[in-house]
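Observations on the model geometry
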Amino acid sequence: MELRTYIIRRLFLLIPVLFGVTLFIFGITMLFSPVQRAMLYIRDVKQLADLPGVIELYGLDRPFVLQYGTWLGQVLTANFGYSKIASMPVWEAIWHYLPATLELAIFAAPLIILIGIFMGSTAAAHKDKPLDHTTRVVAILGWSLPTFWLGLLLIMIFYGYFTGFLPPGRLSMQMDIVVNSADFIRYTRINTIDAILNLNGPVLLDALRHLVLPVITLSVVNVAFIMRLMRSSMLESLGKGYILTARAKGLAERVVINKHARRNALIPVITVSGYVFAGLANGVVITETIFNYKGIGWWAWQSAVNLDISSVLGFALFNSVLFVLVNLVVDILYTRVDPRVKLGQGVQ
Amino acid sequence: MADLIRIRDLSVRFYTYEGVVHAIDDLDLDIRQGETLGIVGETGSGKTMTALSILRLIPYPGKIESGSIVLFDRDSGGELELLKLREDRMRAIRGNKISMVFQEPGAALNPVYTIGDQISEVFLLHRRQELARAAKQRVDSLLSDGSGIASVKKPFWRWQSRLFNKIADEPHAIEPRLLSHVPLLRRLLGRLRDEAGLLTVNMLKSVEIPDPARVAAEYPHELSGGMKQRAVIAMALACSPELLIADEPTTSLDVTIQAQMLELFRRIKVDKGASVLFITHNLGVAAEVCDRVAVMYAGRLCEVATVEDLFLHPSHPYTRALLEAVPMPGKELQTIPGALADALNPPPGCRFHPRCPSATPMCQQERAKLKEVSKDHMVACYLY
Amino acid sequence: MSDWKFTARQLAKNPLSMTGLIIIVIFVIIAILAPLIAPTPEGHRNPYMIPRDGFFATPQPPSENHPFGTTQGQYDIFYGCIWGARSAFRVALVVIGITLLIGIVLGSLAGYFGGIIDEVIMRITDIFLAFPALILAMAIVSAIGPSLKSVMIALTAVWWPSYARLIRGDILQVREEDYIEASRGLGASSGRVIIRHVLPNAIYPTLIMASLDIGAVVLSAAALSFLGLGAPEGYADWGQMTEFARNWMVGPPGNPLKYWYAVITPGLFILFFVLGWNLLGDAFRDIFDPRLARR
């Protein structure tokens, strides 16, 4: 199947999935009172004052199906409602908080991938030797750690004990002022990138300092996961016949491992990266909450705790779309890496 | 015929959880130049391990305990003690002077690389200088030709020529090696790959693969079993080895393909003058292809003779039993009584004595040494 | 059944899995003997609510009355941790139990009958899987109000698709086996074939995943409680206790680690609990992996 056709087909399939997702979530919101649900339809602050009017207007006391229809209509006009927490429409809130989370992801993802894959394959190449055992123990510990607890511990030690060394939040107060001042142009609102673009060293340093702990907290669980997966995948790969053939050809061990074994071992890891992404999405909520790092995860949590359903719904929708898109990319990548799989076969 | 490989007192042991397995015990074997020697035996007889020992590829937890394997190098005329060779020199021999074909061609090929890539790999590894020389010639002639090369590109082409020159002198020269790790500049060395590709296509043609250029661009899963096996053989023959080891090369193929494969092996012997170590459990196949046949049981050599001698005058009781056991229409199926020797706890003395119709008390105590019973016919049995 | 003996022997050989087993056994004992180890004081109605020794907000360090100290609001940490083991097992067993049930039923239907039933069920699982679990759980819990029960419901809703998928995959494999055809040939009805032949063979990998997941479920439940979406304040739940600790992670200047006992202890319990199950699950996986030869 041709690439373009495949992508279009997959994107089409997105529709029923989103349909189902929204139906499900909307069903949950029916458990709320009309007042709370009115929040879903509010577009600006003024409407907040006139809730009964909103309820009347959108027929929030009418039967479910009609309501779903109206809500769906709202959604299709990109009106996801109003976020109490952010004091702005949900749609804008997402864009407002996204860069912070992106920044985390930009640093965490390569870390997870590089360390996980590298350590995993190294452990496999030195099976049953001390390095292997250490890696396995570390991996299992990391996998068993409650992320939130790790975050707390890290703050306790690196912020509390080593006073103020690695603080929570995104930026310290002074830097925050700098970043919002007229001299500093926020191209992307990703602080590290902006700092580089603005050639501003202190802001860069400050942003990095604030990133260290959240990135570590976010990464640990996922690194552990990838490490273990990579290790077992490598072991399987190293046991295959073509490895013996490669050695019989006279190839150096290093080449055998890097060129022949690893390429095959990466295949299942790529498959799984979609799930890793989901894991990141989960981890982001907890991590941002603990470190008071005002990104999407933080916003989602605040919304959930305050029963701000419109925000939670918006977040869930946003996440679903992202997830489906990521899976699409992963599936395509998969066919590139494994010549045995053709597009449209799907990940088994 | 002169000897190519001389194996003396080879012992290979496996240290497993459950105990020590004597995979090969004091093996003496010669492979002569230009001959096809077959090793026949049941599973666990040590045939594959013998082959792997020659290449020093015994997997963990196995170890070559003792012995010597000497290669009489045709080209340099010298003797090489393979078991004592430095690893990097051993690597220069693998795939080059001695190569191996395995039982399952599907498993032997890496599914993520094309056939062509995997065969070219051998050329790029062992024939680098040759490739570099050919590449340099091509670049030089195109340069002197003058036509069609943009003047912007000319310095790069000259750089290529210099690089190839370096590699032709010293295959592991530093500058080209460093360059091969730099992403864009790597392309300068691309010609080497192209030259290797030409040799690869020729190689595929020589093993009678139709449309070799297309096949070279295909992936293993796109080929049939027979084609895969041919490709694997092409890979093994690429550098014109002095010894080709074939471990049950026809076992996983269906009978008609088998016949073609055996024909191919016969041709190899004739065309290339290589020795072939042909491992099989199928006596019929051995009879078709081999000049001499060695029979192994439980890690030890029982008998070795020319193929006619072995089949006409089988001496060792085990050989006799094997021949008796070959199914013949009209004849009742004969089996060998008893079970295979337990690898962990082999019977003392001659390993075969519990199942041997002619066993004597001495057989239980000490194994017999190889004795010549007739010209070029050795047996390890007290009957002689 | 000799498979079980083999499994037991393999488990015994592996030091990591033995450690896991020991840890789990310890927790089981703690959970069962909770009333003995940390007795509920007289007149205290709900044993799952941690008894309070006063209402003072600041956590107090370990002392004779409170071996692990007290956390915010003077809740006894020791009591909370011990009874927390009970909560943990409760949540895990309920969630895994129900998820297995739903997953097995739906997965079997999808795998065995294929066709449109399969398509429909698979699309439904797609929908659920399109959500990162925590977010879906958050949405559900925020809709029905926070409590341990809603956490259990949310986790069940989030978890069952993976089991359905897994069982379906296994059944697809087993379905093609010859003994299934033989059974059909003898006239066995679909139901009978599924229950007596397909399931027992397909179920092994699922059971492994289930055992691995016990740790994951408790971890997620703790995360939800930590976020304030789970157990109510003062409930004997490890995650909930960690949430208390959040306000006290950094002590006064000069003694920043002052309230370490409030932060570290509940977290350690979670860590070891999950670790035990992961070690065991890992060992199971190594044993049941058909690709690993039985050495």
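The structure under discussion appears in the preceding block.
All figures in this text were calculated on a predicted structure; none of them were measured in a lab. (Residues numbered from 1 in each chain as written. Chains lettered and ligands numbered in written order. Predicted model: local features only at pLDDT ≥ 70, side-chain atom pairs only at ≥ 80, totals over all residues. Heavy atoms only, no water.)

1. Description of the pairing of strand β9 (residues 292-297) of chain B
Residues and elements named next belong to chain B. β9 sits mainly inside the fold: six of its six residues count as buried. Across four bridges, strand β3 (residues 36-40) lies against β9 in parallel orientation. Bridged to Val40 within β9 is Val295. With six bridges connecting them, β9 and strand β10 (residues 300-306) associate as antiparallel partners. Bridge pairing links Ala294 to Val304 in β10. (Buried < 20%, exposed > 50% of the residue type's maximum accessible area, 1.4 Å probe, protein only. Helix = DSSP H or I, 4+ residues; strand = E, 2+ residues; numbered from the N terminus. Pairing = 2+ DSSP bridges.)

2. Brief notes about the interface of chain A and chain C
Contact with chain A, which involves 46 residues of that partner, is made by 44 residues of chain C. In total, chain A and chain C occlude about 4,200 Å² of area from one another, counting both sides; carbon and sulfur atoms represent 79% of this. Taken as a group, Phe148, Trp149 and Met156 of chain A account for 16% of the area that chain A buries against chain C, more than any other trio of residues on that side. Counting every contact that joins chain A to chain C gives zero salt bridges. Counting across the interface, chain A meets chain C through four residue pairs in polar contact (both at pLDDT 80 or more). Among the elements that make up the side of chain A that touches chain C, the one with the highest residue count is helix α8 (residues 147-161) of chain A (nine residues). For the side of chain A that touches chain C, a count of residues per class yields 36 nonpolar, seven polar and three charged. (Contact = heavy atoms within 4.5 Å. Buried area = accessible area lost by both parts, 1.4 Å probe. Salt bridge = Lys/Arg side-chain N within 4 Å of Asp/Glu carboxyl O. Polar contact = N/O pair within 3.5 Å; in protein donor to acceptor, adjacent residues only side chain to side chain. Nonpolar A, V, L, I, M, F, W, Y, C, P; charged D, E, K, R; others polar.)

3. Points about the sheet that holds strand β4 (residues 62-72) of chain B
Residues and elements named next belong to chain B. Pairing is antiparallel across the open sheet formed by four strands, whose spatial order is β2-β1-β4-β5. In the strand order of this sheet, the two ends are held by β2 (19-32) and β5 (79-81), each with one partner. Across the sheet, the mean angle separating the axes of adjacent strands is 5° when strand polarity is ignored. Alignment of strand β1 (residues 3-16) against β2, held across 10 bridges, turns out to be antiparallel. Note on β2: the bridge partner recorded for Phe14 is Val21. (Axes fitted to C-alpha atoms, helices over the stretch in contact; angles between N-to-C directions.)

4. Observations regarding the sheet that holds β9 of chain B
Residue and element names in this part refer to chain B. Across the sheet, which stays open at both edges, the eight strands sit in the order β6-β7-β8-β3-β9-β10-β12-β11 with mixed pairing between neighbours. Whereas interior strands pair on both sides, the edge strands pair on one side only; in this sheet they are β6 (98-101) and β11 (371-374). Sheet twist, expressed as the average angle between the axes of neighbouring strands with direction ignored, equals 20°. Set on the sheet, helix α14 (residues 317-325) makes contact with β3, β9 and β10; between it and β9 the angle comes to about 100°.

5. With respect to the packing of aromatic side chains
Counted by the stated rule, this structure contains 24 aromatic pairs over all chains. An angle of 85° between the planes, with centres 6.4 Å apart, marks the rings of Trp91 of chain A and Trp95 of chain A as edge-to-face. Here Trp91 of chain A pairs with Trp95 of chain A, and both are found in helix α6 (residues 90-125), just four residues apart, close to one helical turn. According to the relative accessible area criterion, Trp95 of chain A is partly exposed, its value standing at 48%. With a centroid separation of 4.7 Å and 55° between ring planes, the pair formed by Tyr297 of chain B and Tyr318 of chain B is classed as tilted. Of this pair, Tyr297 of chain B sits in strand β9 while Tyr318 of chain B sits in helix α14; the two residues are 21 residues apart in sequence, bridging distant segments of the chain. In this structure an aromatic cluster arises from ring pairing among Phe27, Phe68, Phe78, Phe89, Trp238, Phe269, Phe273 and Trp277 of chain C. A cation over a ring is seen here: Arg90 of chain C above Tyr48 of chain C, with NZ or CZ 5.1 Å from the ring centre. (Phe/Tyr/Trp six-rings, centres within 6.5 Å; stacked < 30°, edge-to-face > 60°. Lys NZ or Arg CZ within 6 Å of the ring centre and 35° of its normal.)

6. Brief notes about the packing of α6 of chain A against helix α14 (residues 296-305) of chain A
Residue and element names in this part refer to chain A. At a closest axis distance of 7 Å, the pairing of α6 and α14 adopts a crossing angle of 135°. One way to sum up the angle between α6 and α14 is to call them oblique. Taking contact as the criterion, the partners of Val90, Ala93, Ile94, Tyr97, Leu98 and Thr101 in α6 are, on α14, Ile296, Gly297, Trp298 and Trp299. Here the residues of the contact of α6 with α14 are counted per class, giving eight nonpolar, two polar and no charged. (Parallel < 35°, antiparallel > 145°, perpendicular 65-115°, else oblique.)

7. Digging into the environment of Leu150 of chain A
All names here are of chain A. Position of Leu150 among the secondary structure elements: in helix α8. We classify Leu150 as buried; its relative accessible area is 13%. Spatially, the C-alpha atoms of Leu150 and Leu166 are 14 Å apart, while their sequence positions differ by 16 residues. Residues contacting Leu150, with those up to four places away along its chain left out, are Leu145, Thr217 and Val220.

8. Topic: the pairing of β3 of chain B
All names here are of chain B. In terms of residue burial, β3 counts as a mostly covered element, since five of its five residues are buried. In terms of strand pairing, β3 meets strand β8 (residues 275-280) through five bridges, oriented parallel. From the neighbouring strand, Val40 faces β8, where its bridge partner is Thr280.

9. Here's the deal with a nonpolar patch on the surface
Residue and element names in this part refer to chain A. Nonpolar side chains collect at one region of the surface, where Leu102, Ile106, Phe107, Ile185, Tyr187, Ile193, Leu197, Leu205 and Leu208 lie side by side and expose about 800 Å² of accessible area between them. Counting only elements with at least two residues in the nonpolar patch, the list comes to α6, α10 (191-197) and α11 (201-238). At three residues, the largest contribution of residues to the nonpolar patch is made by α6. Within the secondary structure, Ile106 sits in helix α6. Residue Ile106 is classed as partly exposed on the basis of its relative accessible area, which comes to 42%. (Patch = residues over 30% accessible without salt bridge, like charges linked within 9 Å, V, L, I, M, F, W, Y side chains within 5 Å. Areas by Shrake-Rupley, 256 points an atom, 1.4 Å probe, with all protein chains shown as cover.)

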